[in-house]
Amino acid sequence: MVYFLGNETKLGMSRGVAEPKLTAMDAMIDKLTGAIFIFQIVVVIVLGIAGNVWKDTEARKHWYVLYPDEGPWYELLIIPLRFELLCSIMIPISIKVSLDLVKSLYAKFIDWDKQMVDVETATPANATNTAISEDLGQVEYILTDKTGTLTENKMIFKRCCIAGTFFGNENGDAVKDVELLKAINTGSPDAIKFLTVMAICNTVIPIKSPSGIVTYKAQSQDEEALVRAAASMHMDFVNKNANILEINFNGSLIQYEVLDYLEFTSDRKRMSVVVRDCSSNKIILLSKGADEAILPCAYAGFQTKTFYEAVDQYAQMGLRTFCLAWRELNEVEYHDWSLLFKEANSTLVDREWRVAEVCQRLEQDLEILGVAAIEDRLQDGVPEAIETLRKAGINFWMLTGDKQNTAIQIALSCNFVSPEPKGQLLLINGKTEDEVCRNLERVLLTMRITKAEPKDVAFVIDGWALEIALKNYRKAFTELAILSRTAICCRVTPSQKAQLVELLKSCDYRTLAIGDGGNDVRMIQQADIGVGISGREGLQAARAADYSIGKFRFLTRLILVHGRYSYNRTAFLSQYSFYKSLLICFIQIFFSFVSGVSGTSLFNSVSLMAYNVFYTSVPVLVSVLDKDLSEKTVMQHPQILFYCQAGRLLNPTTFAGWFGRALFHAIVVFAITMHSYAFEKSEMEEVSMVALSGCVWLQAFVVTLETNSFTILQHVAIWGNLVVFYIINWIVSALPRSGMYTIMYRLCRQPAYWNTMFLIVAAGMGPVLALKYFRYTYRSSKINILQQAERLGGPILSLGNIEPQPRTLDDTDDRSPLSISQSKNGRSSVFEPLLSDSPSAVRRSFGPGATFDFFQSQSKSSNYPRNKDN
Amino acid sequence: MNPVTNGALKSKKTSKKPEYSRFTQQELPAWKPILTPGWVITSFLAIAFLFIPIGLVSLFASERVVEIVYRYDQDCVPEMYRGNVSAYIRNSLTNKTCIGNITVPKKMDPPIFVYYQLDNFYQNHRRYVKSRSDKQLRSAAYESSTKECEPEARFNKSGDPVPIVPCGLIAWSLFNDTYNLIKKDKVLNINKKGIAWKSDTKVKFGSNVYPKNFQSNDLIGGGKLNESIPLSKQEDLIVWMRTAALPTFRKLYGKINTSLEAHDTITVVLENNYNTYSFGGQKKLVLSTTSWIGGKNDFLGIAYLTVGGICLFMALNFILLYVFKPRPLGDPSYLSWNRKAVN
């Protein structure tokens, strides 16, 4: 017995190796750290040279310093090295620790989030990778699988067309269609044949539990759905005993002996079974498969037109279709073929191809029985989630193994593409390089022209064309990828999915891949962020992913709430860490100018250590609880995510602001301290403690000013920290051995000390507050406006409709609650049901310009017609 | 996946189901202030109205302090040595006594503090500030712990290096000018007791530590110490060893407990021993009264007034801006995506 398990399987081999991921933010922080490092080196060199010059020109005159006339050979290096030591605090080591801490908390918040628990399976969201939460807020592209990700992967047989008669069209469920049941009960041969194929043309194994209930083990959800549907229509597949299949039809037991399985491959797109009817001894070939694989094999003269129509109709409803067929074989024909089949199966070279060829010989002259349509329902909230995320400026690519029409329909019902007047689909297909090239260029041209318009253009490409495009026209395809907000890729393989991720990453986009099955693992690992849906196809994807969620709709919350907050918080935390280090370092540098550029440290080592570890780290850590906007507001205005995507809160410009603030505050602290503690008060320990207190006071107010929402923890951390600062220093001041014995007590008794503190705070924070207020009110960012509206109970709250919108497929305009009063003219026409489509639809989506006519005529056949009247 | 592991996983999953708490859901009640004009203008006005009076009071207190600064380093060099000051100051035989007069501008109430002020003297130089041994100063038991004191750590007593007490550059460079004040032929008593911090005399400088081998090397720095008085009583040394953070500093020399009337002329008889000439430093004698903010220092008052004034100015500006160019807060029409929708 051979098991196909483990890493040697096809899936295992194509899985690839996961690389450690680095967020865009971490990369930016690293860059900034590098810049600060260079700045530090420059400072050290300049001060080192200045120090040596001062030493040689001035210090030797100062007899009390007693510089030796002849120093050791390394004398020139001493002062620069001292400055290096002094400036080493410029790069905050604590940032790494703080970041790791808050990042793990971000991840915990995701794990803890009640609103992301899948109620059905009680699966909470889980962040496997704790280090990349900020990237969630910067996602630009989402690549999503279809089956099981957007849909529930719960296949249900819904409609069928048997011998030209449609069933299930009225009530939407063929199993309950009275006509069909009547046909079965009256023994209509077509219906019975159809049911037989549904029941036994598969590799399903029925398992009978002791209580008599039959459950099915199936490799594919589709087969299970068909078998189940057959069972509920009285064609019960009850037992499989070696090669004998037992079917219970209306109480009578029918046995079939399986002679051969003609297996399903993705090239053949069909599978067949050869069985012998044990009662009549007839040999029958039962086939099922994709329409393009089955319908051409019908026997000559067979009218397949209705079936093509049925397939079209079903596909446009977003249903998965299977064509079922049958043929009676005569003994001789089967015997001959069976020999060939055995031989083909035992060849060593090109077996797959040989077997396919042999199968092909048998699978012809088929009698087409009908078309079965299986529904795979969209998960709850998928269209809303996608609409919200698209509003947030995230581009969606759908990568699926399904056929084009089904994919397009799903895409439409998911809000991937706006409906007709705004949206437009451009198809790229073709089997040859030429065709693909032509198509690609046409689509590109259209894209370039429509780029200026607020239009929603999506391209659709199938696996074959994609292969050619990626191989031969990579540049053109990359441009296309950049231009288009939406893409639908059908019939793609796992490695193609990964290649597409790679392509987008190479254009410097932040990508998020979401999928549920083993075939998505590579894409998930390849993407900047991999999200797995812990769904019905097992946990493979969820395990490989950075985040696993129970349902697709949680992605909105993951990105807009967790991702956004994480980004904002980290942006503040990291820049603040640099700010506080720079502040203390600038003071040291200024002090070196009044201490003969000799590299004296104003602060003692205990204070420096405590400054970094306690006084400034603790208050900023509670910024993990900071929320600039409420979750509700963000959900209403997903556009605000743009600030995170574009990296507006952490970039060299904002960093320069913090750098400037550090410099300004250092000047304030130093100048005020040195002037108010001049002359007889100018005692080293006291001055050092005054300057340190000034820094700690300032940082408390800086954190306060930058905090948007104060919970009790923030108050405790910010003001408690200030109290703790005094307590710690009182304790240290009580130790006779410490250098600062009694210093803090002396200072706290002096009115001048408190005067100095207030002066430092007012002088340091006044301009910052004024500038912030000015920008906040007169140059406000979108975030500011939303904050104001939210907190003042402005129009947002009074108009806000935050209830989840009903699952309409058409509500895709950019209407936000804010603009509710604004004109909606021209929109009402959009609210047409999309699915009731007719092939005779006329496209009207092209703009008025004559330029488009050229394309219209050219691309008529490829643009998918959707809206009846629009 | 086989059903057993699936079930096991599921039960594990359910047990992992998060507990509800406001913290884990990030729903702690929060105060969300925003920078409304009201808030900002009020706080600027509050700062202004708080700071301007404090500034005035501080300035007033500083103005009430009477301070006499008498620079003597230039005048006390005899004419004949003006061209070669170092020869004068380094020679222990030259007469260093110098007499000068100062006039009291306003009535000075006791206690009057007598300071010496040094300019361009880097007590905060790294080589200097580190060159001391707190252990040695504290206790006689640590007499030989002089590691930090280089280059003034040990005295080479006939080939045997013995520790210097107190060691280090700071002690070695002890300031040694002395002042005597005479008012109307009567010597003003300068009380030199209690000029050092209590914490220093009690804890940092040991009462059983006596100076040893001090200023015995060839190179003599500053003042000498009486070897029979313990360090805890050598208050001049203690004051000197509280290093200053700035190159300009004052150190307490003593206190006068009698009041000085306005227009009193005081004769200063001083010993000009200390060498600040080699590096162009200045020496000043300062007599000063004190107030609640300490000595005379206009900085705090002026800074308070300035900050208060600027805050007032900002507040007025913001009020004007608010009146003449009002901007409704949270106006949704400023959201670009809404603006697009309008167009």
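Please read all numbers here as calculations on a predicted model, not as lab measurements.

1. Overview of the overall build of chain A
- Secondary structure assignment for chain A yields 33 helices and 20 strands.
- Put simply, chain A has 870 residues, and 60% of those count as buried.
- Restricting the contact set of chain A to residue pairs at least 6 apart, pairs at least 24 apart contribute 73%.
- With the model as given, the accessible surface of chain A reaches about 34600 Å², and the carbon-plus-sulfur share is 59%.

2. A short note on the UniProt feature "binding site: Mg(2+)" (unreviewed entry) in chain A
All names here are of chain A.
- The feature "binding site: Mg(2+)" (unreviewed entry), as annotated in UniProt, sits at Asp145, Thr147, Asp516 and Asp520 in this numbering. A stretch of 376 residues holds the annotated residues, and the largest C-alpha distance among them is 10.7 Å, short enough that they meet in one place.
- With near-sequence residues (within four places) excluded, aspartate 145 lies in contact with Leu150, Leu399, Lys497, Ile514, Gly515, Asp516, Asp520 and Met523.
- Summarising the element assignment, aspartate 516 is placed in the loop between strand S18 (511–515) and helix H19 (521–526).
- We classify aspartate 516 as buried; its relative accessible area is 0%.

3. A few points about helix H8 (residues 221–232) of chain A
Residues and elements named next belong to chain A.
- Taking 1.5 Å of rise per residue, the 12 residues of H8 would be expected to cover 16 Å, and the 16 Å separating its terminal C-alpha atoms lies within 8% of that figure.
- The set of residues buried in H8 consists of Asp222, Glu223, Glu224, Ala225, Leu226, Val227, Ala229 and Ala230.
- Positive backbone phi, at 75°, marks histidine 234, one or two positions downstream of H8.

4. Some thoughts on the pattern of salt bridges
All names here are of chain A.
- By the definition in use, this model includes 48 salt bridges over all chains.
- The salt bridge partner of lysine 176 is aspartate 173, with a shortest N-O separation of 3.5 Å.
- Its salt-bridge partner being glutamate 631, residue arginine 557 comes within 3.0 Å of it at the nearest N-O pair. Linking arginine 557 in helix H21 (residues 554–594) with glutamate 631 in helix H24 (residues 631–636), this pair joins segments that are 74 residues apart in sequence. Residues arginine 557 and glutamate 631 agree in their burial class; the two are buried.
- Overlapping salt bridges bring together Asp113, Arg557, Lys627 and Glu631 as one network.

5. Notes on the UniProt feature "transmembrane region" (unreviewed entry) in chain A
Residue and element names in this part refer to chain A.
- UniProt records the feature "transmembrane region" (unreviewed entry) for residues 32–54, 582–602, 608–625, 655–675, 712–732 and 752–774 in the present numbering.
- Along residues 655–675, the helical share is 100% and the strand share 0%, with 30 Å between the first and last C-alpha atoms.
- In this annotation, residues 712–732 is assigned 100% helix and 0% strand; the end-to-end C-alpha distance for the span is 29 Å.

6. Some words on the environment of glutamine 26 of chain B
- Relative to the helices and strands, glutamine 26 of chain B resides in the loop between helix H1 (3–15) and helix H2 (37–64).
- Owing to a relative accessible area of 9%, glutamine 26 of chain B belongs among the buried residues under this scheme.
- For glutamine 26 of chain B, the contacting residues outside a window of four places in its chain are Phe109, His562, Tyr565, Arg569, Val624 and Lys627 of chain A.

7. Description of the packing of aromatic side chains
Residue and element names in this part refer to chain B.
- All told, the structure shown has 63 aromatic pairs over all chains when counted by the stated rule.
- Taking 6.4 Å as the distance between ring centres and 35° as the angle between the ring planes, the aromatic pair formed by tyrosine 116 and tryptophan 240 counts as tilted. Of the two residues, tyrosine 116 sits in strand S3 (residues 112–119) while tryptophan 240 sits in helix H8 (residues 235–241), which places them 124 residues apart along the sequence.
- Looking at tyrosine 116, the relative accessible area reads 4%, which means it is buried.
- Both rings, one in phenylalanine 121 and one in tyrosine 128, keep their centres 6.1 Å apart while their planes meet at 85°; by these two values the pair is edge-to-face.

8. Some details on the nonpolar core
- Core analysis: the biggest nonpolar cluster contains 240 residues, and Ile142, Leu150, Leu512, Phe552 and Leu555 of chain A together with Trp240 and Leu287 of chain B have the highest contact counts within it.
- Top element by residues in this core is H21 of chain A. It accounts for 22 residues.
- In this structure leucine 150 of chain A touches Thr144, Asp145, Leu378, Gln379, Val382, Ile386, Met398, Ile410, Cys414, Phe416 and Phe552 of chain A, once residues within four positions along its chain are discounted.
- With 45 residues, the next largest nonpolar core counts Phe157, Cys160, Val275 and Ala372 of chain A among its residues.

9. Here's the deal with the interface of chain A and chain B
- Tallying the contact residues gives 106 residues for chain A and 94 residues for chain B.
- Taken together, both faces of the contact between chain A and chain B bury some 8900 Å²; the carbon and sulfur share is 67%.
- When the buried surface of chain A facing chain B is broken down by residue, Trp63, Tyr64 and Tyr773 of chain A rank first, second and third, together holding 10% of it.
- Taken together, the links from chain A to chain B amount to 2 salt bridges.
- Among the salt bridges present, the one from arginine 242 of chain B reaches glutamate 683 of chain A, with a minimum N-O distance of 3.1 Å.
- Of all the secondary structure elements, the ones that give two or more residues to the side of chain A that touches chain B are helix H4 (94–112), H21, helix H26 (652–676), helix H27 (684–706), helix H28 (712–733), helix H29 (743–749), helix H30 (751–778) and helix H31 (782–791) of chain A.
- The element best represented in the side of chain A that touches chain B is H30 of chain A, accounting for 18 residues.
- Residue classes in the side of chain A that touches chain B are distributed as 52 nonpolar, 33 polar and 21 charged.

10. Some thoughts on a nonpolar patch on the surface
- On the surface, a cluster of nonpolar side chains totalling about 720 Å² of accessible area is made up of Phe37, Ile38, Ile41, Val42, Ile45, Val46, Ile49 and Val53 of chain A.
- Residue placement: valine 46 of chain A occurs in helix H2 (residues 24–59).

11. Points about the state of the cysteines
Residue and element names in this part refer to chain B.
- Within this structure, the stated rule accounts for 2 disulfides over all chains.
- Across a sulfur-sulfur distance of 1.9 Å, cysteine 76 and cysteine 98 are joined as a disulfide pair. Here cysteine 76 and cysteine 98 share a disulfide; its torsion about the S-S bond, -70°, makes the bridge left-handed. In this pair, cysteine 76 is assigned in the loop between strand S1 (67–71) and helix H3 (85–90) and cysteine 98 in strand S2 (residues 97–103), connecting sequence segments 22 residues apart.
- For cysteine 76, a relative accessible area of 4% corresponds to the buried category.

12. As for the confidence of the model for chain A
Residues and elements named next belong to chain A.
- This prediction gives chain A a mean pLDDT of 82; 87% of its residues lie at or above 70.
- The element-level mean pLDDT for chain A is lowest in helix H33 (residues 851–859), coming to 31, with H26 highest at 95.
- Counting interchain partners and residues more than four positions distant, the pLDDT-below-50 stretch residues 795–870 has 135 contacts.

13. Some points on the sheet that holds S3 of chain B
All names here are of chain B.
- The strand order across the open sheet built from 5 strands is S1-S11-S3-S9-S8, with neighbouring strands paired in antiparallel fashion. A strand with exactly one partner marks an edge of an open sheet, and here the two such strands are S1 and strand S8 (190–191).
- In the sheet, S3 pairs with strand S11 (residues 282–288) via 7 bridges, with the strands oriented antiparallel. When the sheet's bridge partners are listed, aspartate 119 is paired in S11 with glutamine 282.

The rules behind the values
- Residues numbered from 1 in each chain as written.
- Chains lettered and ligands numbered in written order.
- Predicted model: local features only at pLDDT ≥ 70, side-chain atom pairs only at ≥ 80, totals over all residues.
- Heavy atoms only, no water.
- Helix = DSSP H or I, 4+ residues; strand = E, 2+ residues; numbered from the N terminus.
- Buried < 20%, exposed > 50% of the residue type's maximum accessible area, 1.4 Å probe, protein only.
- Contact = heavy atoms within 4.5 Å.
- Areas by Shrake-Rupley, 256 points an atom, 1.4 Å probe, with all protein chains shown as cover.
- UniProt positions renumbered as here; feature names shortened; annotations may be inferred.
- Expected span 1.5 Å × (residues − 1).
- Salt bridge = Lys/Arg side-chain N within 4 Å of Asp/Glu carboxyl O.
- Phe/Tyr/Trp six-rings, centres within 6.5 Å; stacked < 30°, edge-to-face > 60°.
- Core = buried A, V, L, I, M, F, W, Y, C linked by side-chain atoms within 4.5 Å.
- Buried area = accessible area lost by both parts, 1.4 Å probe.
- Nonpolar A, V, L, I, M, F, W, Y, C, P; charged D, E, K, R; others polar.
- Patch = residues over 30% accessible without salt bridge, like charges linked within 9 Å, V, L, I, M, F, W, Y side chains within 5 Å.
- Disulfide = S-S within 2.5 Å.
- pLDDT = per-residue confidence, 0-100.
- Pairing = 2+ DSSP bridges.

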